[in-house]
Amino acid sequence: MTAISDTTTRQASSPYGEAARQALWAALLSFGLFFFFIGLESTQDISNRLILQSHWVTLAIVVALVALGRFLFIAFVIPAVDRRRANRAPIAVVDEKDQSFIRRHRFKIMIALLVLYPIFILSTAGLQGSLKWVNNFGVQVLIYVMLAWGLNIVVGLAGLLDLGYVAFYAVGAYAYALLGTEFGLSFWILLPAAGIMAAFWGIILGFPVLRLRGDYLAIVTLAFGEIIRLVLINWREVTNGSAGISGIPKITFFGLFDFNISSPDYILKVLPESIVTLFALRPSGAYYTIFLYYLILALAMLTAFVTIRLRRLPVGRAWEALREDEIACRSLGINTTNTKLTAFAIGAMFGGFAGAFFAARQGFINPESFVFLQSAIILAIVVLGGMGSLSGIAIAALVMIGGMEILREMQFLKIVFGQSFTPELYRMLLFGIAMVVVMVWKPRGFVGSREPTAYLKEARAVSSTFTKEGHG
Amino acid sequence: MQYFIQQLINGLTLGSIYGLIAIGYTMVYGIIGMINFAHGDIFMIGAFVALIVFLILSAMFYSVPVVVALLIMMVVAMIMTSLYNWTIEKVAYRPLRGSFRLAPLITAIGMSIALSNFVQVTQGPRNKPIPPLISDVYNVFGISISLKQIVIAVVTIVLLTVFWYLVNKTSLGRAQRACEQDRKMAALLGVDVDRTISITFIMGASLAAVAGTLFLMYYGVVAFSDGFVPGVKAFTAAVLGGIGSIPGAVLGGLLIGLIESLWSAYFSIDYKDVAAFSILAIVLIFLPSGLLGRPEVEKV
Amino acid sequence: MADTNLQTPILSVEHLSMKFGGLVAIGDLSFTAPRGEITALIGPNGAGKTTVFNCITGFYKPTEGMITMTRQSGEKFLLERLPDFQITAKAKVARTFQNIRLFSGMTVLENLLVAQHNALMRASGFTVLGLLGLKSYKDASRESIEKAVYWLEKANLIDRADDPAGDLSYGAQRRLEIARAMCTGPELLCLDEPAAGLNPKESLALNELLLGIRRDTGTSILLIEHDMAVVMEISDHVVVLEYGRKISDGTPASVRSDPKVIAAYLGVDDEEVTDALVEVGDDHILEEGDVAPPPALGPSETSSMFEGPIEDTVEEAGSETIVPASPAASKAAQVEAQTGATDPVKPKGPAQ
């Protein structure tokens, strides 16, 4: 069984023979793997009994595709990659100088693009057409960017593996939903409150797990996330159980105007008439969406700003030192207990902010939004981006979440695969495969190097071969 | 008292299934130090293969003795899950061996998402019920024991004995233990490390397949999402017992099963998982490396 | 005030015992480290030197005994009662590690800034003021960089300031670890085998660094060392351990000629003890004549150590193995029995 054996031993002289052999193995293996799952399908008949349905044609197509893919990979992709690798060294040096302007200003350019994004969409897709792109794509990606930046403090900087981060997201969301619906408090009061509550829960979780390391820490944080979710499901008197909380108040523009068409403070009623007529503004849900976009952009930028500042403060350096070597930290007089707790608390706080925003945006929340899968996705974004790197994480969120959202839009695939084809169904399958592929391709994530927080002469990025990933 | 013993038996039955899955987690952890998050989905795949084999058998033959049917289901499920786990290890985990610790964890989570959604896409999202295979129930001193529970107990005990023999008495087991201690040194001494790791994955998958078949027999239903909860419970069991320790995994599995059934019986069904997770957290606070795990000595 | 302080030893260890299960790593050890001096702790492998360090710096809590640190100000700290990080933060004891523990993914400069954590934490108003970007923190931050630069120059690492610590050569990493410990502003610096694995040139640079630290900052130094050249060259005071017990204590010259020390290092067999004694002669004779033992018997100059009979004790933690720590097992004790010395922990040498 050498179907997927190490490809470095292949003969460069005759790639086609080897490729054909490998393709045959791949075909056999995929036939074995898929026989029971693609070839046969268990479905219910009219009397609700399970029967088997065979899809031999589909099975044959899939096996053939796997074999073909394997053949092309061995025969063409690998030689091409090898050739490029051989030629790459001289090119890289030239690139360095050419890109220096873009490289130096990459953050400013990125922020400018993010600020201009809704305007661009508005001008191309119109008021109603832009809704989908700004909300599903922009807001959705930015929520994950913010969550991943928050988790990055715990995992990327302090090196503490947290598999239950979604719990803090849930705490923030429920804090806003409950306090907002019960007491009618404003979002702007509840946003900090949600953050503080999440931070408080971060410390509650932090205390018992201080002594735990590595995978023991991972399972306890996972358990904590599940406990929070199960309590939200079962504590029906307060959380309304699986039915969730609806009618969560929308966010107002700092109390100046709001986005409810029926309300007297509706944006178009408050704005001076001349502006409304000048731009021919019509009542639309898009204003709220665009407002939400800028709000989450501001929150995400706040997260980035605080993270960048904290890294240059003693507490941030202590986090990174903790990731590198906890014992050395203690030998330097650093209180590792407090350092870990602040990492948990501050990471959780940003999760809480994002949660409050999420609740306000959705208007309805239930425990289904806070399952383990969410924690896994956020953690995956942090690791795929390159732990500790804000820009890498933003790229990872864009690729993974944005890619998944775009897949929703691929209706043209129906023409290829027939009308019964629903691209949504394949979203998570492809997401999982993408996680595996990206990780195998770039184990250190998109941006593996680390920017130093202080320098004497010049700031040189630290290669990922030196940074550690923490034990806790 | 009868009620208590009844719950005890139910708990131990559930616990044996958790224990069988937990061994897969703990063995893989012991040998390559990674949490194989996809293991719960391997269990689910085992249950699905058993289901499909059952459907094939019932479609092809008018009647098959239950024992024979169960055996065929189990064996085919073991072969199929082994093939899956072997492939997964080769394409997704092997390239990352010796790399950065979180990379294989993320790959495994990705694999878990991919596997459960693969089954959802190919087999549909609905629950798959089968008619009861065994329905006999015996009454002993007012305690009802179903034949299903006896089958689970017998299969678990037989399997664990064989497994114990493999790990402790054969050269394969010795190679595994050597790799666990020091992979590089084992390789220098002529142990085929890649093969040993592959076999470890195959053994874990086989046990998960048996657990999957038993699960299908016991509950009579399976769905694509059934990998997650038993997977997390079994992982919890492995950690509770001390990850890396095989007796610990079995003990942890039995304990988690007992906690769940007793908590449901005496307190509240809703909070049974909360109880299991809370007890895990409490145990780890006092015994940071689980019940039977080797304490990690911090060398200064 | 200052005078009395100069006479009180900076560190005094009294009746220190540390047991791991059945294994006695340290048994009833007492010694003092004089203020402003370099004290060396030597002994064969497994003698419990690192365990003593771990007790002093709080990584282990001793089974019995008292460790008193007296700061320049006269403040006294019982180290066995302090949590490890406070031993550095409050009692001003800093340490390095046998297997270097740097923050390898951080730059050399950052390593030294992490060491100034507590001072910077106060200056940043426990993060709050620093987050707002106040000037007071910026000043403190600049000062911390100046302090780091001072130690980088001392350790001859100024050119590597912006390189990752993991990228340095072994000798440079050792010096960086010492510089990092000095950035915590210690009054007692504990060094665990600072010269291990260094080439002669690096070893020389290390000696200068240590002597410079003592001269310029008045920091007292306690070091574990296997390289006898380093010990003899720089230390003012030597304590010799074997099987967790003190077998000799005094100036380098007196310790080097102590037959118990020689026997402990050579690991002679029972019959050979007598032979060794005959060859070496009585310690009193050696002391009077101020003659060094023949090089064949004396501790080797470049010596990595002679193998001791048990492994490094730290790894045995929790094990049930009972290692006899009775004087009978000790080579030094055998010599002692034959030379008729009375008190195994009585310091020898001209200090008396």
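Residues numbered from 1 in each chain as written. Chains lettered and ligands numbered in written order. Predicted model: local features only at pLDDT ≥ 70, side-chain atom pairs only at ≥ 80, totals over all residues. Heavy atoms only, no water.

Right, let's talk about the overall build of chain C for a bit. The secondary structure content of chain C amounts to 15 helices and 10 strands. Residue burial in chain C is summarised as follows: out of 352 residues, 57% are buried. Across chain C, the fraction of contacts at a sequence separation of at least 24, relative to all contacts at a separation of at least 6, is 70%. (Helix = DSSP H or I, 4+ residues; strand = E, 2+ residues; numbered from the N terminus. Buried < 20%, exposed > 50% of the residue type's maximum accessible area, 1.4 Å probe, protein only. Contact = heavy atoms within 4.5 Å.)

A tally of regular secondary structure across chain B gives 11 helices and 4 strands. Here chain B holds 300 residues, and 59% of them are scored as buried. Residue pairs at least 24 apart in sequence account for 77% of intrachain contacts in chain B once pairs closer than 6 positions are excluded.

Residues and elements named next belong to chain A. Running from amino to carboxyl end, helix 11 (residues 286-311) crosses helix 14 (residues 336-362) at an angle of 180 degrees, the nearest separation of the two axes being 11 Å. As the angle between them shows, helix 11 and helix 14 are arranged roughly antiparallel. Between helix 11 and helix 14, the contacting residues are Tyr288, Leu292, Leu295, Ile296, Leu299, Leu302, Thr303, Val306 and Leu310 on the first element and Ile346, Phe350, Phe353, Phe357, Ala360 and Arg361 on the second. (Axes fitted to C-alpha atoms, helices over the stretch in contact; angles between N-to-C directions. Parallel < 35°, antiparallel > 145°, perpendicular 65-115°, else oblique.)

This part takes up the packing of aromatic side chains. Following the criterion strictly, the structure yields 35 aromatic pairs over all chains and no others. Judged by centre distance (5.6 Å) and plane angle (80 degrees), the ring pair of B:Tyr3 and B:Tyr266 falls under edge-to-face. Here B:Tyr3 is found in helix 1 (residues 2-32), whereas its partner B:Tyr266 is found in helix 10 (residues 246-266), with 263 residues between them in sequence. Here B:Tyr266 falls in the partly exposed class, since its relative accessible area comes to 42%. For the cation-ring pair, A:Lys442 lies above A:Trp441, with the distance from its terminal atom to the ring centre recorded as 5.3 Å. (Phe/Tyr/Trp six-rings, centres within 6.5 Å; stacked < 30°, edge-to-face > 60°. Lys NZ or Arg CZ within 6 Å of the ring centre and 35° of its normal.)

So, on to the sheet that holds strand 4 (residues 64-70) of chain C. Residue and element names in this part refer to chain C. Ordered by their spatial adjacency, 4 strands build an open sheet running 2-1-4-5, and the pairing between neighbours is antiparallel. Only two strands of the sheet have a single neighbouring strand rather than two, namely strand 2 (23-33) and strand 5 (76-78). Sheet twist, expressed as the average angle between the axes of neighbouring strands with direction ignored, equals 20 degrees. Summarising the sheet, strand 1 (residues 11-20) and strand 4 pair through 5 bridges and their orientation is antiparallel. Bridge assignment links Leu11 to a residue of strand 4, and that residue is Met69. (Pairing = 2+ DSSP bridges.)

At the interface, 66 residues of chain A touch 72 residues of chain B. Interface area for chain A against chain B, summed over the two sides, is near 6200 Å², with a carbon-plus-sulfur share of 74%. Together, A:Phe36, A:Phe37 and A:Tyr216 form the three largest contributors to the area buried by chain A at its contact with chain B, with a combined 13%. Between chain A and chain B we count 1 salt bridge in total. As a salt-bridge pair, A:Arg236 and B:Asp270 come within 3.4 Å of each other at their nearest N and O atoms. For the pair chain A and chain B, the number of links is 10 residue pairs in polar contact (both at pLDDT 80 or more). Where the side of chain A that touches chain B is concerned, the elements lending two or more residues are helix 1 (15-39), strand 1 (40-44), strand 2 (50-54), helix 7 (214-234), helix 13 (326-331), helix 15 (372-385) and helix 18 (427-441) of chain A. The greatest single-element share of the side of chain A that touches chain B, amounting to 13 residues, is contributed by helix 7 of chain A. Looking at side-chain class alone, the side of chain A that touches chain B contains 46 nonpolar, 11 polar and 9 charged residues. (Buried area = accessible area lost by both parts, 1.4 Å probe. Salt bridge = Lys/Arg side-chain N within 4 Å of Asp/Glu carboxyl O. Polar contact = N/O pair within 3.5 Å; in protein donor to acceptor, adjacent residues only side chain to side chain. Nonpolar A, V, L, I, M, F, W, Y, C, P; charged D, E, K, R; others polar.)

Right, let's talk about a nonpolar patch on the surface for a bit. Side chains of A:Tyr16, A:Val57, A:Ile61, A:Leu65, A:Leu68, A:Leu72, A:Phe73, A:Phe76, A:Val77 and A:Val81 sit close together on the surface and give an oily, nonpolar patch of about 920 Å² of accessible area. As for its placement among the helices and strands, A:Phe76 is situated in helix 2 (residues 56-98). (Patch = residues over 30% accessible without salt bridge, like charges linked within 9 Å, V, L, I, M, F, W, Y side chains within 5 Å. Areas by Shrake-Rupley, 256 points an atom, 1.4 Å probe, with all protein chains shown as cover.)

Over its 14 residues, helix 9 (residues 228-241) of chain B runs 20 Å from end to end, which matches the ideal 20 Å to within 8%, given 1.5 Å per residue. A large share of helix 9 of chain B lies buried, amounting to 12 of its 14 residues. Those residues of helix 9 of chain B that are buried are in contact with helix 7 of chain A together with helix 1, helix 2 (39-60), helix 8 (193-219), helix 10 and helix 11 (272-286) of chain B. Phi turns positive one or two residues past the end of helix 9 of chain B, at B:Gly242, with a value near 105 degrees. (Expected span 1.5 Å × (residues − 1).)

Residues and elements named next belong to chain A. Counting buried positions over the 5 residues of strand 1 gives 4, a clear majority of the element. In this sheet, strand 2 lies alongside strand 1 in antiparallel orientation, the contact comprising 5 bridges. In the sheet register, Leu40 faces strand 2, and the bridge partner there is Ser54.

All right, on to the environment of A:Leu302 then. In this fold, A:Leu302 is placed in helix 11. The class of A:Leu302 is partly exposed, set by a relative accessible area of 38%.

Our focus in this paragraph is the confidence of the model for chain C. All names here are of chain C. Scored by pLDDT, chain C has a mean of 73; 72% of the residues are at 70 or more. pLDDT under 50 marks residues 272-328. Its contacts with residues more than four places away, or in other chains, come to 84 contacts. Below pLDDT 50 for its whole length, residues 340-352 participates in 20 contacts with residues either more than four positions away or in separate chains. (pLDDT = per-residue confidence, 0-100.)

Glancing now at the sheet that holds strand 9 (residues 237-242) of chain C. All names here are of chain C. Reading across from one edge, 6-7-8-3-9-10 is the order of the 6 strands in this open sheet, with mixed pairing throughout. One side of each edge strand has no neighbouring strand; the edge strands of this open sheet are strand 6 (93-95) and strand 10 (245-250). Looking at each pair of strands side by side, their axes are set apart by 20 degrees on average, direction ignored. Judged from the 5 bridges that link them, strand 7 (residues 188-192) and strand 8 (residues 220-224) form a sheet pairing that is parallel. From the neighbouring strand, Cys190 faces strand 8, where its bridge partner is Leu222. Running at roughly 140 degrees to strand 8, helix 2 (residues 49-56) makes contact with strand 3 (38-42), strand 6, strand 7, strand 8 and strand 9 of the sheet.

Taken as a whole and judged by the stated rule, the model has 28 salt bridges over all chains. A salt bridge links B:Asp194 to B:Arg94; the nearest nitrogen and oxygen atoms lie 4.0 Å apart. Of this pair, B:Asp194 sits in helix 8 while B:Arg94 sits in the loop between helix 3 (66-93) and helix 4 (102-123), placing them 100 residues apart in sequence. Salt bridges sharing common partners tie together A:Arg311, A:Glu320, A:Arg323, A:Glu324, A:Arg450 and C:Glu110.

Attention now moves to the UniProt feature "transmembrane region" (unreviewed entry) in chain B. With numbering matched to this structure, UniProt assigns "transmembrane region" (unreviewed entry) to residues 12-35, 42-62, 68-88, 100-120, 140-167, 199-222, 234-262 and 274-293 of chain B. Along residues 68-88 of chain B the backbone is 100% helical and 0% strand, and the end-to-end C-alpha distance reaches 30 Å. (UniProt positions renumbered as here; feature names shortened; annotations may be inferred.)

Turning to the environment of A:Phe353, a few remarks are in order. All names here are of chain A. Relative to the helices and strands, Phe353 is located in helix 14. Measuring from C-alpha to C-alpha, the distance between Phe353 and Ala300 comes to 9.7 Å, with 53 residues separating the pair along the chain. For Phe353, the residues in contact, after removing those within four places along its chain, are Met146, Leu191, Pro192, Gly195 and Leu302.

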